[in-house]
Amino acid sequence: MTRESIEWSVVGHDVLRLDGPAKVRGVQRYLADKVFPGALHLALARSTHPHAKILRVDTRAAGGVPGVAAVFTGENLLAVHGVRPCYGPAFRDQPILAFGKVRYAGEPIAAVAAENREAAEEAAALIEAEYEELPHVQNPFEAAQHGAPLLHDSLEPAGAFADLMALKGHPGTNICTHYKQRQGDAEKALAEADHVLEDTYTCPPVSHAHLEPHGAAAWFEPGGRLIVHTTSQTPYFVRGDLAAIFGIALADVRVVVPPLGGSYGGKIYDKLEPLTCLMAKVTSRPVQLHLSREEVFYTSSRHGAATKIWTGIKDGKITARKVEVFYDAGAYAEVGPRIAQKTGSTAPGPYKFPNVSVDAFCVYTNKTPSGPLRGFGVPQLAIAYETHMNKAATILEKDPVALRREYVLEEGDLYSTGSPVTSIGLRACLDSVSRVVEKTSENRPAPTLGPGLTQEKHIARGRGIALGFKSVISPTISNAIVELNSDGSAIVRSATVEMGQGATTAFAQIAAEELGLDVNKVHVTTPDTDQSPYDTLTAGSRSTYHMGNAVIGAARQIREKLLETASEALEIPSEEFELREGRVFSRSLPERAIAIPEIFLKRFGAPGTTLTGEGTFQGHAVKADPETGQTPRMTEHWFAGASGAEVEVDTETGFVKVTRLVSSADVGRAINPRHCVEQVQGAAAMTLGFALFESMRIEDGRLVNGSFLEYPLTAFEDMPREFITDIVENPLESGPYGARGVGETGTMALKPAIVNAIHDAVDIWLKDMPVTPEKVLRAMREASGAAPGKEASGAAPDGEGPK
Amino acid sequence: MGVPRFELLEPVTYEEASRLISAHETIPLAGGTAIISMMRQRLFNPSHIVSLHKISGLGGVSPAKSGGLSIGAMATLRSVEIHPAVRSQYPLLSETLSSVANVRVRWSATVGGNLAHGDYRLDPPGALIALGARVRLGSARGERELQLEDFFRGFFETAKEDDEIILGVDLPPTDEEASGHYLKFTSHASADWPCVGVAVYIKENFSGKCESARVVLTAAAQTPLLLEGVDEILSGEAVTEAAAQKVADLTHSQLDSIEDSSGSTWYKREIAPVLVRRALLEAARRKPKARDERRKN
């Protein structure tokens, strides 16, 4: 990126990652590298059935394994006094260990604590359970119908978050949330339309596949304080919930989080912490639990979804948009209700349509609990609304880009929730990707042919684009403390979790900019609830904006104190000062200057003390009307992104090679342009796998590809030959230096861009993700009238949509 | 999870290994890439494991009495892949091995272990069968050998008796005018298991016509499939698109395809002939270059 002029010294520059050297050298210590002296090792026994009554759990053999200190079941849990047995951020629906019944294959039913990991695992393997099988349900659409096997008899709201306070669930059904949005009269407009497009799109659950599995260690101190080290994106939520589960004061729980080896939403809210702490309590010993790779697949996943969409067209205009989305929560709701509410609100797409209707459901099924994954449910919607834009363009005989320009939301528009749209760079992102996709490279390399192809005759090429948008999670709060030392170095205390996104570097840049420091003199602490002030969570691309603003607030308090002392010392009004390179100087007379150490001496009469500032930032939203979704302020701000894809389809095998991928994201102003590009690219590379081949395959209620031997991940060879990232800078007035978050923007529109490109190439519309070669070939055969025979229907489908 | 406790037995002769395997009703350990993974997942819980690592004479690549090449069962895939004799005389095998998993797995996994696993999705059996390999088996009862295509009997089922150990594979002499290609088609990520693999080995006479050809499909059926009737089509003919298509059409009657996560029975049947045709044409196309290279060397 070229920048003509940058008014800042540190912000806006490609500062190298502060956590880079340790990670590149392999000396970064992750949770599993830490030694917890005297800690017992935990291993879990898991359910083999997707839905079953637990008749008996036999732990006798396990208890006899040498080195085993305790074997604990769900029944034992119920007998422990003073421990709340269930947890969850929206509903308290997830048991620390299953009791009464199991709701998914892979659910923990018992825990073993032993002197070493081998003994714990050996004992866990000896635990035998007897079950009475119950009917199970896997398809979220079917699960939402009356009469489906019921997972939860009743739901207890957790009351942990402002936006989830009013949840009640829908007793007697598997629907835990139903979000509604109404504008105009979509049903009437559809009835009166000249054309109605109606389709159902399905996305399967997929794995976060963070390289570092989940881990936790915990112990109770003699005085009763609970100390927890964990791989979590939500140290403060974990602290609060552990305090509630064990009935102790917030101040008596300390949560420490080292940098994470990836997370993407997979380590959010409570995961291993309640169980780890429970075992610390019952054994009165420190305990630690480190999941295997295979167990990660039983801990969290991205929501699968079935998205039904209707588009009404009359007199050359799109007059109606209706969406019904069924998010697959899996066995426990986790934060699915927020996905249905908040992300459901964006289901119509980033457009101005006069008549809109949305029903977004979060539905329990008998599988691994779902959670957010880089995009918070947006990609499951964008696949529907963005392929429908291309379908509508075909009917309206318009260019798909031109049609989007006609309807795209712009500054000042009212969205279908009644909320004004502010600072939304959709058009700029659209322009950016359409420009790059329309333009053919001049020195175009030879085509990348499909497997075994030596000539081009079986290759069809196509291009497609798509838009996506998302609202930032609101309301949330970030607090930061900045301490300036007398030598001009500084510490930023923040509970934002560094999980590879580069947040710590961004905060160091912001503090350095505000205080006129070298960025390498700023240390950003890792979260420790004894040391770092409150932050709601590290998720949803919110940290740069919220915590960034909090860091600015904290640094400016220090800055004022520095200028105040400098003003007294130099007898110059503080408005005339600049603070750069570790000193305060007069703008008009730069030689009138005083360095930070001297300011400390002047102010305190001695070195060694610190100047402290504290910043708070809170995002706002106004609760929507439950029947119409109407609200004057649905979010603090918006994210806009666009993707463009060029594909080569092997017409004999259906193999799709993405040869060029263009991602465009509105980052507000880039605190670190290079990091922004890397975030968008990383998001695109990750989503490429979700588009083309990733799927957690469930057969007979059980996951059948829950290991890296069987679960396919994107490799370098799968990357597009041209991988272009364009950062759009459309400053966000309320953002730190105009910045907004960027971690998810590259994920939103990539799948529909590829599906639209495949349509451009071979004239088929794909609706079930991922778009494997088999689905492409099958659709091509069906389109040409040579539909595959009945025998072919035995193929295991990835999608789980309504029939 | 870690590997459950077991006792490791380390015999120094294969006869002893065979006896120990029978006595403990267990299986031999070679590279461990499959077994250890299965043990971690508790799919296989043996009390004893018989390691073959201390048995001498099971490793390495050496000239065979027949004039071909002898590959020891304990030779790692990577060591065979980069062996100069394999690279120069059996480039098809080198190419095939290079497509297996990743280099770390290939430095651990062995030729014998790969065959003994009997997994229909594995790449090496295709090339080895195409090259006419014979497999040598040994036990306390003695030694025997058989054509590799006869070794695979069914889904994860081989002709190897429980007490037998694979000692090695023998490749017949190579041919100056031969060429080959392994086409690995993955329907998911590039690093995934194949959906269908096709190994092709063509021998031509001096006038550039095909003398004989062997075509093997892997991952498509329960066992590797050596197409029958290829010579009848190609013998004395140039490998043209039309001829290649005729060979490809043999799959319609001979392939009893298997469904797995990479593709349905329908899909594998649809793409098998396409891949056979492409692999044959690619092998034929490569030949002059290979010959030129050999001349240069």
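The structure displayed is predicted, hence computed values, not measured ones.

Parameters at a glance
Residues numbered from 1 in each chain as written. Chains lettered and ligands numbered in written order. Predicted model: local features only at pLDDT ≥ 70, side-chain atom pairs only at ≥ 80, totals over all residues. Heavy atoms only, no water. Contact = heavy atoms within 4.5 Å. Buried area = accessible area lost by both parts, 1.4 Å probe. Salt bridge = Lys/Arg side-chain N within 4 Å of Asp/Glu carboxyl O. Polar contact = N/O pair within 3.5 Å; in protein donor to acceptor, adjacent residues only side chain to side chain. Helix = DSSP H or I, 4+ residues; strand = E, 2+ residues; numbered from the N terminus. Nonpolar A, V, L, I, M, F, W, Y, C, P; charged D, E, K, R; others polar. Pairing = 2+ DSSP bridges. Domains from an automatic or database assignment. Buried < 20%, exposed > 50% of the residue type's maximum accessible area, 1.4 Å probe, protein only.

1. Re the interface of chain A and chain B
Step number 1: Each partner contributes to the interface: chain A provides 41 residues, whereas chain B provides 33 residues.
Step number 2: Of the roughly 3000 Å² buried between chain A and chain B on both sides combined, carbon and sulfur atoms contribute 52%.
Step number 3: The largest per-residue losses of area from chain A upon contact with chain B belong to Glu121(A), Glu652(A) and Glu774(A), which jointly make up 16% of the total buried on that side.
Step number 4: For the salt bridge of Arg781(A) with Glu270(B), the shortest nitrogen-to-oxygen distance reads 2.1 Å.
Step number 5: Counting every contact that joins chain A to chain B gives 13 residue pairs in polar contact (both at pLDDT 80 or more).
Step number 6: Of all the secondary-structure elements, those providing two or more residues to the side of chain A that touches chain B are helix 4 (117-126) and helix 19 (773-783) of chain A.
Step number 7: The residue makeup of the side of chain A that touches chain B, split by class, is 16 nonpolar, ten polar and 15 charged.

2. Some thoughts on the sheet that holds strand 1 (residues 7-9) of chain B
All names here are of chain B.
Step number 1: In spatial order, the strands read 1-3-2; together these three strands make up an open sheet with parallel pairing. Among the strands making up the open sheet, the edge pair consists of strand 1 and strand 2 (28-29).
Step number 2: Relative to strand 3 (residues 48-51), strand 2 is paired through two bridges, and the arrangement is parallel. Looking at strand 3, one finds that Leu 29 is bridged to Ser 51.

3. Describing the domain arrangement of chain B
All names here are of chain B.
Step number 1: Domain boundaries assigned for chain B yield domain 1 (61-171) and domain 2 (178-291).
Step number 2: Here domain 1 and domain 2 have C-alpha centroids that lie 20 Å from each other.
Step number 3: The partner domain 2 presents 22 residues to the 23 residues of domain 1 that form the contact.
Step number 4: Buried area between domain 1 and domain 2, both sides added, is near 1900 Å², and the carbon and sulfur share of it is 62%.
Step number 5: At the boundary of domain 1 with domain 2, the tally comes to three salt bridges.

4. Things to note about the domain arrangement of chain A
All names here are of chain A.
Step number 1: Taken domain by domain, chain A holds domain 1 (39-134 + 208-296), domain 2 (301-438 + 456-473 + 624-794) and domain 3 (476-618).
Step number 2: For domain 1 and domain 3, the distance between their C-alpha centres works out to 40 Å.
Step number 3: Between domain 1 and domain 3, the contact holds 18 residues from the first and 17 residues from the second.
Step number 4: Of the roughly 1400 Å² buried between domain 1 and domain 3 on both sides combined, carbon and sulfur atoms contribute 56%.
Step number 5: Among the residues of domain 1 in contact with domain 3, Gln 233, Tyr 236 and Arg 254 are the three that bury the most area, contributing 43% of the side total.
Step number 6: Along the contact surface separating domain 1 from domain 3 lie three salt bridges.
Step number 7: Across the pair Arg 254 and Asp 528 runs a salt bridge whose closest N-O atoms are separated by 2.6 Å.
Step number 8: There are eight residue pairs in polar contact (both at pLDDT 80 or more) connecting domain 1 and domain 3.
Step number 9: Of all elements in the fold, only helix 7 (235-246) and strand 13 (253-256) reach the threshold of two or more residues within the side of domain 1 that touches domain 3.

5. Topic: the side chain of Asp535(A)
Residues and elements named next belong to chain A.
Step number 1: Within the secondary structure, Asp 535 is located in the loop between strand 23 (522-524) and helix 15 (543-570).
Step number 2: We classify Asp 535 as buried; its relative accessible area is 2%.
Step number 3: Within the structure, the side chain of Asp 535 is placed 2.6 Å from the side chain of Ser 478, a separation counted as a polar contact.
Step number 4: A distance of 3.0 Å separates the side chain of Asp 535 from the side chain of Arg 542, its partner in a polar contact.

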